[in-house]
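Secondary and tertiary structure notes
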Amino acid sequence: MSDTALAPAPTPEEPKLTKKALTADHPTWCPGCGDFAVLASYYRALEQLNYPHESIVTMAGIGCSSRFPYFVNSHGGHFIHGRSVPFSAGVSLSRDDLKVFVFGGDGDGFSIGGNHLDHVARKNVNLTYVIMDNQVYGLTKKQTSPTSPQGFKSKTDPWGAIDQPINPMRKLVNSGATFVARSHATQVKHMVEMIKRAAEHPGFAVVEILSECIEFFPGAFDDSVPRKGGDFVTIDEAEHDKTDITAAMKLASEPWPGRFGVYLEIQRPTKNALEAGLITKAREKTKQAADKDLLKATFAKMR
Ligand SMILES: Cc1ncc(C[n+]2csc(CCOP(=O)(O)OP(=O)(O)O)c2C)c(N)n1
Ligand code: SF4
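What you see is a predicted model; the values in this text were computed from it and never measured.

**Points about helix 5 (residues 84-94)**
The complete set of buried residues in helix 5 reads S84, V85, S88, A89, V91 and S92. On an axial view of helix 5, the arc spanned by its buried residues comes to 160°, and they lie on one face.

**Observations concerning the nonpolar core**
One finds V38, Y42, L46, I56, F68 and F101 to be the most contacted residues of the largest nonpolar core, which totals 34 residues. By size, the runner-up hydrophobic cluster in this structure holds 30 residues, among which are M59, A89, V91 and F204.

**Topic: helix 7 (residues 114-122)**
Within helix 7, burial applies to G114, L117, V120 and A121. Summarising the axial view, the buried residues of helix 7 lie within an arc of 135°, below the 170-degree limit, and thus occupy one face. If you follow the buried residues of helix 7, they end up packed against helix 5, helix 6 (106-112), strand 4 (127-133), helix 8 (168-174) and strand 6 (204-210). Two residues or fewer past helix 7, N124 is found with a positive phi of approximately 55°.

**Digging into the site of ligand 1**
The environment of ligand 1 is made up of 16 residues, and the closest members are C64, S65, G107, D108 and G138. One nitrogen or oxygen atom from the main chain of G107 is found 2.9 Å from an oxygen atom belonging to ligand 1. The contact in question runs from an oxygen atom of ligand 1 to an N or O atom on the side chain of N134, over 2.9 Å. Coverage of ligand 1 by the protein chains reaches 72% of its 590 Å² of free accessible surface. Residue contributions to the shell around ligand 1 peak at four residues, all from helix 6. Here the residues of the shell around ligand 1 are counted per class, giving six nonpolar, eight polar and two charged.

**Points about the side chain of S84**
With respect to the secondary-structure elements, S84 resides in helix 5. According to the relative accessible area criterion, S84 is buried, its value standing at 1%. Residues in contact with S84, not counting those within four places in the same chain, are A60, G61, F79, V102 and D108.

**Remarks on unusual backbone geometry**
With an omega of 10°, the peptide bond between W256 and P257 qualifies as cis. Its place among the elements puts P257 in the loop between helix 10 (245-252) and strand 7 (261-265). In this model, N124 sits at a positive phi of 55°, which is unusual for a non-glycine residue. If you trace the backbone, N124 turns up in the loop between helix 7 and strand 4. Among the residues examined, N124 registers a relative accessible area of 0% and is labelled buried. The backbone phi angle of K141 is positive, close to 70°, even though this residue is not glycine. Within the secondary structure, K141 is located in the loop between strand 4 and helix 8.

**Here's the deal with the packing of aromatic side chains**
Taken as a whole and assessed by the stated rule, the structure comprises 13 aromatic pairs. With 6.4 Å between their ring centres and 65° between their planes, Y129 and F204 make a pair best called edge-to-face. Within this pair, whereas Y129 is found in strand 4, its partner F204 is found in strand 6, the two being separated by 75 residues in sequence. The exposure classification of Y129 matches that of F204, with both residues buried. Aromatic pair F232 and F260: ring centres 4.7 Å apart, planes at 25°, arrangement stacked.

Parameters and conventions
- Residues numbered from 1 in each chain as written.
- Chains lettered and ligands numbered in written order.
- Predicted model: local features only at pLDDT ≥ 70, side-chain atom pairs only at ≥ 80, totals over all residues.
- Heavy atoms only, no water.
- Buried < 20%, exposed > 50% of the residue type's maximum accessible area, 1.4 Å probe, protein only.
- Helix = DSSP H or I, 4+ residues; strand = E, 2+ residues; numbered from the N terminus.
- Arc of directions from axis to C-beta.
- Core = buried A, V, L, I, M, F, W, Y, C linked by side-chain atoms within 4.5 Å.
- Contact = heavy atoms within 4.5 Å.
- Near = heavy atom within 4 Å.
- Polar contact = N/O pair within 3.5 Å; in protein donor to acceptor, adjacent residues only side chain to side chain.
- Areas by Shrake-Rupley, 256 points an atom, 1.4 Å probe, with all protein chains shown as cover.
- Nonpolar A, V, L, I, M, F, W, Y, C, P; charged D, E, K, R; others polar.
- Phe/Tyr/Trp six-rings, centres within 6.5 Å; stacked < 30°, edge-to-face > 60°.

Here's what the structure looks like:
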């Protein structure tokens, strides 16, 4: 047999995923909104990851930041305010082959959806959650959010916010998420790297991105914008042990504006894998019986 006969049949080259293919509607945010750069970074991350186009899911809650599904040509959709994470967990668990991304704001993630976030995180469901923190409710035109600083004047706090805000990174590190990172909407290269690493992480990966609401809280993040006199300080990964929750908590407790990069990266079985194992065992025990027969048997026992 000749060498030519042994050669494998040529396979058609995988089409390269492009921004053009990923772009849907033109974004409708206010000119200058930080969310534009987050969207651009998401496109770029997807281009570089080059996942099969049909495997990408872009979910979101409700808010300006949650408009992502309109602008991305992929599977996806909005879900009720604060509930996009558990909904997306269902998508991920039922279709482990999909690449599930969820986008939302600080109100969606830390206020109305705060409790949902904790439970999906601790279960380590395989998905990537990007929280665009602008420290205000943007869509509903300036109410205090759980990350607004004390003294922030808004429609709900006309004399200035009196409540202590949450510390998002401490909450996320403590949530049970196995990948926790922080980035800034003025740093596209950094955002692309964080989104890509989160997407490639097996388990619940969350990236908090400071994204300025130019309309209702301009200048909120100037302290970490070098061209505005601030410092963008990244985490030295050679120094920081990303598997150490105490070290991550210490980083998260640093004074504002804190550091950017990967706080936590640990390996723990995903709920996707644990559940798949459970299903395989149950199938073996029931001798691969059809679902309808198992249901019939269960109903028969209930009589
Ligand atoms: C159950 C429910 N409560 C309240 C609202 C009104 N609402 C819509 S978006 C939003 C907050 C949005 O803030 P955030 O999540 O920070 O996103 P942003 O618009 O700032 O990007 C609120 C309170 C709603 N849609 N549903
Ligand atoms: S209101 Fe704020 S968050 Fe919403 S689109 Fe405008 S600048 Fe962006």
